[in-house]
Amino acid sequence: MAGGLHPSLRPTPPSSSSSSSSFTSRLLLMLTILPLTLAAFAFVLQWRGGLTDPTTRWSPDPLFPGMDPSGTVPSSAAAASDCVDLLGRSRSASFPYYRDWKFSYGSDLRPKLCITTSTSAGLEQTLPWLFYHKVIGVTNFFLFVEGKAATPGVSKVLESIPGVKVIYRTKELEEQQARSRIWNETWLASFFYKPCNYELFVKQSLNMEMAIVMAREAGMDWIIHLDTDELIHPAGAREYSMRQLLAEVPGNVDMVIFPNYESSVERDDIKEPFSEVSMFKKNYDHLPKDTYFGNYKEATRGNPNYFLTYGNGKSAARIQDHLRPNGAHRWHNYMKTPNEIKLDEAAVLHYTYPKFSDLTSRRDRCRCKPTKEDVKRCFMLEFDRAAFIIASTATEEEMLHWYREHIVWTDKAVNAKLLKKGILTRIYAPMVIVQELRESGVFTSVVAAAHTNLSKDEFLSSIESSNTTRGIESRGISSRKIGNSGESQATARKVLETALTDSYAVPPLSPPSMTDIHLDI
C-alpha cells in the first residue's frame, strides 16, 4: 500500500453503461430537433407562399358564421353592410366545391331527398338556389318550367346539371294533368278557374302530383316542394345537412313540417338576396307566445300581418304508397292521416320581396284590375293585394317610398331591440355558402360548359322547337282546362277514396294575429 494511492482515490475506468446512456441522450435530442426543424421550414415556405396546405383546399370552414349554438351575433357582422364587405373580399379558396367538381348525386348515401318546384325564374336565381341545396344534401330536382326558365338559354343549362330533370309546360303536359286524379277531386276544386295566385297554386299541386311518381322512379326517400325564393335552413342537425336532419326522423313519421322565416331586408338596393340578406323574422312556432304577441305591433310595422305573406311553412313527405299533395304547403295520403312532426330549429327561409323590382315583376305576371275588389280574386293574402295595387297605380318614386316604409328595415334601434327579443335573428350560413359557390366559379362554369356542349346547329334547332312546343303557347290556360273524360275517370277512382281525404287543400296562411290571442289564453 506504501507509495500508492488509496483505492478510493484511484480513477474509475469509463463503463459501457455510461457510454450507452450518452448515445441515447444524443439520439433523443436529434429526434426532437429534426421534426421541429422540418416543421419550422414548412411553416416558412407556406407563409411565403411556396407551399399549399392540402387541408385548406378541401376542408370547409369548421363553423359558418351564425351557427354558434349560443346564438350571439359576431361583432364583425353586426350590420348587413359589414357582412357584405366580409363576403366580398378576396380570399384563398377554402370551400370544397370547385369549378370542375362533380356533385355525386348518384351516391348510395341515405336518405335521398328531392325537391320539386314550379318556376319561371332565370339562372341568376335558380343556380344559387339549386347548388345551395346540393351542398346541404339534396340529390334530385324536378323543375317544372315556363316563361324565362323555359327559354333555351336557361333550360339547356339546367338540363346539363346532374340530378336535375326539367319538365316543360306544354299543351301535352296540360292535357295529361287535366286527366289526372287530383284534377277530378273536390279538395282542390275551390281554386279552379281563378287567375294569378290561385292559378299558380293549382299548377303547383298538379306538378307535385307528377313529381311524386318521378321521385319513386328515381329511388327517392323524401320529397319537398319549394319555390325558388326559398332555402332550407337545416338547423338542429349535427351537421348542416338535410340528409343528416331527415336521417334522425323516426321511421313512423310521414311528414316533417319546416316553419318558415321571412327575410327582413335592410336596404332597398338588394341585387342578390341569397348573398346579401342575413336578417330574418322568426316564425310564431319558434317563439314563446308572450314574446310573439308582446312585440307584435313593432314586428308588424303597420302591415296587414306579422309576415308579409304566408306563415304556415313547407313540408317534406316520406315517399310511400297513396301519397298526394295537399296544396303547395302540405302533403296527404289517400289511405291514412299522415303522422307529422314540426321541427323546433330547422326552417324554410322565405326571401319575400327582397328586391325593389319584385313589386313590378309580380304586377307584370298578373292581369287583374288594381281595385280592392278585383285583387281579392287574384291574390290570397292581404299584403300581395296591397303591393299589386301600389305597383299598378303609383309612380316609381311613390313605389320606392312605399317599399321602404313597408318592407325595408331601416330603423336600427328597432332592429336591435327585436334581435335582442328573438323576433329577428341573424342567419349567415346560406349567404356564406352561396357566396363561396359564386367565388369558386361553380355558376359560371356550369353555364360555360352547357353552352360549349351545345353546337350552333343544335342551339338553333332548339330555339325553333321551343317556339312551337314549349311554354309560350300555354300562357294563362293551365288551370282552366278540363279533360272530356274527367267524370268517368273520377267515378272509376271512387273506390280508392277514403273518409280520411281532406275536404280542402291547405292554402298559404298568415300567422296568428292579435285577434287570435284569446285562443291562447
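Residues numbered from 1 in each chain as written. Predicted model: local features only at pLDDT ≥ 70, side-chain atom pairs only at ≥ 80, totals over all residues. Heavy atoms only, no water.

The name that an unreviewed UniProt entry assigns to the protein is Glycosyltransferase family 92 protein, with the source organism given as Rhododendron griersonianum. In its Subcellular location (unreviewed entry) section, the UniProt entry covering the protein states "Membrane". The UniProt entry for the protein carries this comment under Sequence similarities (unreviewed entry): "Belongs to the glycosyltransferase 92 family." (UniProt positions renumbered as here; feature names shortened; annotations may be inferred.)

Peer 1: How should the overall build of the protein be read in this particular structure?
Peer 2: Check the secondary structure of the protein and you find 19 helices and 14 strands. Here the protein holds 521 residues, and 49% of them are scored as buried. In the protein, the proportion of contacts linking residues at least 24 apart, taken out of those at least 6 apart, comes to 79%. For the protein, the accessible surface area stands at approximately 26,300 Å², while carbon and sulfur atoms represent 56% of it. (Helix = DSSP H or I, 4+ residues; strand = E, 2+ residues; numbered from the N terminus. Buried < 20%, exposed > 50% of the residue type's maximum accessible area, 1.4 Å probe, protein only. Contact = heavy atoms within 4.5 Å. Areas by Shrake-Rupley, 256 points an atom, 1.4 Å probe, with all protein chains shown as cover.)

Peer 1: For this particular structure, what's the right way to read the state of the cysteines?
Peer 2: Simply put, the disulfide is a covalent bond whose two ends are the sulfur atoms of two cysteines. Counted according to the given criterion, the structure contains 2 disulfides. Two residues share a disulfide in this structure: Cys196 and Cys366, whose sulfurs sit 1.7 Å from each other. Taking the sign of the torsion about the S-S bond as the criterion, the disulfide between Cys196 and Cys366, at about 85°, is right-handed. You can see Cys196 sitting in the loop between α6 (171–178) and α7 (197–217) and its partner Cys366 sitting in the loop between α12 (357–364) and α13 (382–393), a full 170 residues away along the chain. (Disulfide = S-S within 2.5 Å.)

Peer 1: Sorry if this is basic, but what is going on with the side chain of His225 here?
Peer 2: Of note, His225 is situated in strand β4 (residues 222–225). From its side chain, His225 meets the backbone oxygen of Ala328 in a polar contact 3.0 Å long. (Polar contact = N/O pair within 3.5 Å; in protein donor to acceptor, adjacent residues only side chain to side chain.)

Peer 1: Could you clarify how one ought to interpret the packing of helix α4 (residues 123–135) against helix α16 (residues 429–439) in this entry?
Peer 2: Each pair of packed helices gets described by two things: the angle between the helix axes and the distance between those axes. Contact geometry for α4 and α16: axes closest at 10 Å, N-to-C directions at 110°. Taken as axis vectors, α4 and α16 run roughly perpendicular relative to one another. Counting all contacts with α4, which are made through Pro128, Phe131, Tyr132 and Val135, the residues of α16 involved are Pro430, Ile433, Val434, Leu437 and Arg438. Tallied by class, residues from the contact of α4 with α16 come to 8 nonpolar, no polar and 1 charged. (Axes fitted to C-alpha atoms, helices over the stretch in contact; angles between N-to-C directions. Parallel < 35°, antiparallel > 145°, perpendicular 65-115°, else oblique. Nonpolar A, V, L, I, M, F, W, Y, C, P; charged D, E, K, R; others polar.)

Peer 1: Can you help me understand the sheet that holds strand β14 (residues 424–426) in this one?
Peer 2: For sheets, the rule is that strands pair by backbone hydrogen bonds, running either parallel or antiparallel. Read from one edge of the open sheet, 5 strands run β5-β13-β7-β8-β14, paired in mixed fashion. At either margin of the open sheet sits one strand with a lone partner, and together these are β5 (230–233) and β14. Averaged over all neighbouring strand pairs, the angle between strand axes comes to 35°, with direction disregarded. Note that strand β8 (residues 279–281) and β14 share 3 bridges and pair antiparallel. Within β14, the position partnered with Lys281 by the bridge is Leu424. (Pairing = 2+ DSSP bridges.)

Peer 1: Which parts of the structure should I look at to understand the packing of helix α5 (residues 152–159) against helix α17 (residues 442–453)?
Peer 2: For the pair α5 and α17, interaxial distance at closest approach is 9 Å and the crossing angle is 100°. As the angle between them shows, α5 and α17 are arranged roughly perpendicular. Between α5, through Gly153, Lys156 and Val157, and α17, the contact on the second element is made entirely by Val446, Val447, Ala450 and His451. By residue class, the composition of the contact of α5 with α17 is 4 nonpolar, 2 polar and 1 charged.

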